[in-house]
Amino acid sequence: MSGVYVVLEERDGRIGRISWEAVAAGQRLGEQLSQPVTAVVLGAATEGQATEAAAKGLGKVVRVEHPLLAQYTADGFIAALQQLIEKESPAAVVFPHTYQVRDYAPALAARLGQVLISDVVAIGDGPVFTRQLMQGRLTGSYRHAGNGPCLVSVQAGAFRAEAAEAGKAEITNFTPAIDAAQIRTKPGAPFRGSAQTVDLGSAQLIVAVGRGIKEAENLPMVQELATALGAELAASRPICDNGWLPMERQVGSSGQTVAPKLYLAVGISGAIQHLVGMKGSQCIVAINKDPEAPIFEVADYGIAGDLFEVVPALTEAIKAAGH
Amino acid sequence: MKIIVAIKQVPERDAQVRIDAAGKWIDESGLQWALNESDAYALEEALQLKEKNGGEVVVVTAGPERVGTTIREALAKGADRAIHIDCDDLGSRDALGVARLLAAAVKAENADLVLTGLQSEDLGLGQTGVIVAELLGLPHSTLILQVEKSETGLKVKRELEEGWFQTIELPTPAVLTIQSGGNKLRYATLMGIKKAKTKEVRVVTAAELGVDGAATVVLEKIALPQKQKTTQMLPGNAKEAAAALVEKLKFEARVL
């Protein structure tokens, strides 16, 4: 067993940012284990991806190519990666923690008799892998105790894509044996949910509301604050799940990723799925009754208090300041 | 259509969690417990499929005696019967270990569909359903918002990232992990609560299922997260804190 393998993922014809973060994590792990790092690209035509990856400081890039990998299916990807891992027996395999990886990597690990350490936010000496527990209120340190490869997926934003070192890697090919009958699911083309009328991504000021608001009837209070600031109103997932605000106003891993000048989070506890969508904001303010809420870990300013008192007071203060 | 729903009891969302003396898990004494939210959506999807297509809904869960309250809640909402895998070492089992328990408990049921939530609110691994599919040798799909029966099996709506979706067709039997928000959750009715008391709950142990506790991934310790930023907490009553915040935003952060 040797080598750290990083499985890259394509997005809009290019390797996605989170995959470069996974490369940075792989290089960190490679240093620790004193092992070379290999990138893996999968698809029916992977030349573009492979060329892009070869410009990084990697031992090599493996093109896993097969016509049946043209569109992602769990069955196809599991079969292909199982064969590659069994042939090359790496010490560790790193994945970006995307929806696609969540769909197949746990089953791939099980097929190899392993368990994926999912959603890792840090890699310490050992290696010890840190991931969040209890919606971000606690962290857990995990260790791989089995024989065979250690499989890890890394959370978006946990490693710096810029930290992926540059270089020039050799490109090799691997052709897996996949039979059409092995692929049991038939995926359709991706589509947008509804017409997008709000572009939160370009908003300079955002007021976001979460579960702490308790009832749909209380939303106008937060809308008033947003209006006073001239900000867009956004929400965490539960608010949109309840149908209180349209899905297009949702910030987080399943919604939009935003980075405004000011992100004011009202009654949002700060589960990781929400944080990945907003932690790049320039200034983060959190208002929450629970001073232990994880949102305060990323906030620049915090008010630990009852939002039903703080929000109207803030609206008044902003109006008084003539904003 | 026979549908299995794998559910989990987790600490209530607002529960104050404390690290236990050994530093390996939370102190469970005095905690309030609840049905994991995405599992509640999985149960709702199952109940609606049964209402449309007929059949049976069986819930399965693993855990100590306390999970009985969550089982009763699922039965009160309309599940027909339950399987309780009685074990008090869930915390030391890894995702594969827990999936082995669930797969062993439901295999003989030969269900048409196995549903579960996409992830738990306590461990948040998001793996159990996918591994159960692998162990049962069934096709699967994850992050599902809608399930429709089709002539050849199922047609499901899968959530992708950043507001995109995808339709996936797959044959039955199959395993799906359900994303929250696809349906409106129902409450248990008084009649439902009354009926739940007479419904079958079969209790099995890990030993009876022939599943050992071997783990390849070990949770060594838990801790409070390290802060990523220095947060200035603004003290005082609501009015004072609000005034201080506006000052800070204007003159320190300069974002207003």
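Scoring rules and cut-offs
Residues numbered from 1 in each chain as written. Chains lettered and ligands numbered in written order. Predicted model: local features only at pLDDT ≥ 70, side-chain atom pairs only at ≥ 80, totals over all residues. Helix = DSSP H or I, 4+ residues; strand = E, 2+ residues; numbered from the N terminus. Contact = placed C-beta atoms within 7 Å. Domains from an automatic or database assignment. Nonpolar A, V, L, I, M, F, W, Y, C, P; charged D, E, K, R; others polar. Buried ≥ 20, exposed ≤ 12 C-beta atoms within 10 Å, placed from the backbone. Pairing = 2+ DSSP bridges. Axes fitted to C-alpha atoms, helices over the stretch in contact; angles between N-to-C directions. Core = buried A, V, L, I, M, F, W, Y, C linked by C-beta atoms within 7 Å. pLDDT = per-residue confidence, 0-100. Parallel < 35°, antiparallel > 145°, perpendicular 65-115°, else oblique. Left-handed = near helix turned anticlockwise from the far one by under 90°. Expected span 1.5 Å × (residues − 1).

Q: Please explain the overall build of chain B as it appears in this structure.
A: For chain B, the helix and strand inventory stands at seven helices and 13 strands. Here the C-alpha coordinates of chain B stretch approximately 65 × 45 × 40 Å along the principal axes. For chain B, the proportion of contacts with a sequence separation of at least 24, taken over those separated by at least 6, is 71%.

Q: Just checking my understanding: could you explain the domain arrangement of chain A for this structure?
A: Bring the parts together and some accessible area is lost; that lost area is often taken as the interface size. Entries for chain A in the domain assignment read domain 1 (4–182) and domain 2 (200–320). Among the residues making up the side of domain 1 of chain A that touches domain 2 of chain A, the classes are represented as one nonpolar, five polar and one charged.

Q: Please clarify how the interface of chain B and chain A should be interpreted in this entry.
A: Contact with chain B, which involves 67 residues of that partner, is made by 70 residues of chain A. Broken down by secondary-structure element, the contributors of at least two residues to the side of chain B that touches chain A are helix H3 (95–106), helix H4 (128–136), strand E7 (140–149), strand E9 (164–171), strand E12 (217–223), strand E13 (232–233) and helix H7 (238–252) of chain B. The greatest single-element share of the side of chain B that touches chain A, amounting to ten residues, is contributed by H7 of chain B. Of the residues that constitute the side of chain B that touches chain A, the class distribution is 37 nonpolar, 15 polar and 15 charged.

Q: Even after reading the chapter, I still don't get the environment of Ala164 of chain A, so can you show me in this structure?
A: All names here are of chain A. Positionally, Ala164 belongs in the loop between strand E10 (150–154) and strand E11 (170–174). For Ala164, a count of 25 C-beta atoms within 10 Å corresponds to the buried category. Along the chain, Ala164 and Leu58 lie 106 residues apart, while their C-alpha atoms are 9.3 Å from each other. In this view, Ala164 contacts Trp20, Val23, Ala24, Gln27 and Lys56; residues no more than four positions away in its chain are not counted.

Q: Looking at this structure, how should I read unusual backbone geometry?
A: Residue and element names in this part refer to chain A. Residue Pro127 follows Gly126 across a cis peptide bond; omega there is 0°. Turning to its location among the elements, Pro127 is positioned in the loop between strand E7 (117–124) and strand E8 (128–133). Here Met134, not a glycine, exhibits a phi torsion of approximately 50°, which is positive. Along the chain, Met134 falls in the loop between E8 and strand E9 (138–144). Overall, the presence of 22 C-beta atoms within 10 Å leaves Met134 in the buried class.

Q: I would appreciate a short explanation of the sheet that holds strand E18 (residues 301–304) of chain A in the present structure.
A: The strand order E15(A)-E14(A)-E16(A)-E17(A)-E18(A)-E13(B) describes an open sheet built from six strands, whose pairing is parallel. The open sheet has two free edges, formed respectively by strand E15 (232–235) of chain A together with E13 of chain B, since each of these has just one partner strand. Sheet analysis places strand E16 (residues 262–266) of chain A next to strand E17 (residues 283–288) of chain A, joined by five bridges and oriented parallel. Bridging across to E17 of chain A, Ala265 of chain A finds its partner in Ala286 of chain A. Contacting strand E14 (205–209), E15 and E16 of chain A, helix H5 (residues 219–229) of chain A runs over the sheet at an angle of about 170° to E14 of chain A. Contacting E16, E17 and E18 of chain A, helix H8 (residues 307–320) of chain A crosses the sheet at an angle of about 135° to E17 of chain A.

Q: Help me understand the sheet that holds E7 of chain A in this model?
A: The strands making up a sheet associate through hydrogen bonds between their backbones, and the pairing can be parallel or antiparallel. Strand order in this open sheet of ten strands is E11(A)-E5(A)-E4(A)-E1(A)-E6(A)-E10(A)-E7(A)-E8(A)-E9(A)-E12(B), and the pairing throughout is mixed. Of all strands in the sheet, those bounded by a partner on one side alone are E11 of chain A together with E12 of chain B. Taken over all neighbouring pairs, the strand axes of this sheet differ in orientation by 35° on average, direction set aside. Pairing analysis gives four bridges linking strand E1 (residues 4–7) of chain A to strand E4 (residues 37–43) of chain A, with the strands arranged parallel. Looking at E4 of chain A, one finds that Val7 of chain A is bridged to Val40 of chain A. Packing of helix H1 (residues 17–33) of chain A onto the sheet brings it into contact with E1, E4, strand E6 (92–96), E7 and E10 of chain A, and relative to E6 of chain A it is tilted by some 155°.

Q: What should I look at first to understand the nonpolar core in this one?
A: Soluble globular proteins tend to bury their nonpolar side chains together. Val6, Val40 and Val94 of chain A together with Val5 and Leu102 of chain B are the most contacted members of the largest nonpolar core, which totals 133 residues. Sorting elements by how many residues they give to this core places H3 of chain B first, with nine residues. Leaving out residues up to four positions away in the same chain, Val6 of chain A has contacts with Ala22, Val23, Gly26, Val37, Ala39, Val40 and Val94 of chain A. Ala226, Cys240, Val285 and Ile287 of chain A belong to the second-largest nonpolar core, a separate cluster that totals 56 residues.

Q: Help me understand the confidence of the model for chain B, please; the structure alone is not making it clear to me.
A: Parts of the model with low pLDDT should not have their predicted coordinates read in detail. Residues with a pLDDT of 70 or more make up 100% of chain B, whose mean pLDDT is 95. Here the prediction assigns the complex a pTM of 0.92, and the interface score ipTM is 0.93.

Q: What is the right way to read the packing of H8 of chain A against H7 of chain B from this model?
A: When two helices pack together, their arrangement is given by the angle between the helix axes and the distance between those axes. One way to put it is that H8 of chain A packs onto H7 of chain B with a least axis distance of 8 Å and a crossing angle of 45°. When the axes of H8 of chain A and H7 of chain B are compared, the pair comes out oblique. Crossing of H8 of chain A against H7 of chain B: the hand is right-handed. Side by side, H8 of chain A and H7 of chain B meet where Glu309, Val310, Ala313, Leu314, Ala317 and Ile318 of chain A of the first sit next to Ala238, Lys239, Ala241, Ala242, Ala243, Leu245 and Val246 of chain B of the second. Residues that form the contact of H8 of chain A with H7 of chain B fall into these classes: eleven nonpolar, no polar and two charged.

Q: Looking at this model, I keep getting lost on H3 of chain B. Mind explaining?
A: All names here are of chain B. The end-to-end C-alpha distance of H3 is 17 Å, a good match for the 16 Å that twelve residues give at a rise of 1.5 Å each. In terms of burial, H3 is a largely internal element, eleven of the twelve residues being buried. Ala95, Leu96, Gly97, Val98, Ala99, Arg100, Leu101, Leu102, Ala103, Ala105 and Val106 are the residues of H3 that are buried.

Q: Please explain the pairing of E16 of chain A as it appears in this structure.
A: Strand residues, when the strand is regular, have side chains that alternate between the two faces of the sheet. All names here are of chain A. Summarising burial for E16: five of the five residues are buried, a large majority. Judged by which residues are buried, E16 turns out to be covered on both faces: Leu262, Leu264 and Val266 on one side and Tyr263 and Ala265 on the other are all buried. Of the pairings in the sheet, the one linking E14 to E16 comprises five bridges and is parallel in character. Considered in E16, the bridge of Ile206 is made with Tyr263.

Q: Sorry, what's going on with the domain arrangement of chain B here?
A: What the domain assignment reports for chain B is domain 1 (2–209) and domain 2 (231–256). For domain 1 of chain B and domain 2 of chain B, the distance between their C-alpha centroids amounts to 44 Å.

Q: Looking at this model, I keep getting lost on the packing of H3 of chain B against H4 of chain B. Mind explaining?
A: All names here are of chain B. With their axes 9 Å apart at the nearest point, H3 and H4 run at an angle of 55° to one another. As judged from the angle between their axes, H3 and H4 are oblique. Read as a crossing pair, H3 and H4 show a hand that is right-handed. For the pair H3 and H4, contact is made by Ala95, Leu96, Val98, Ala99, Arg100, Leu102 and Ala103 and by Thr128, Ile131, Val132, Leu135 and Leu136, respectively. Taken together, the residues that form the contact of H3 with H4 break down as ten nonpolar, one polar and one charged.

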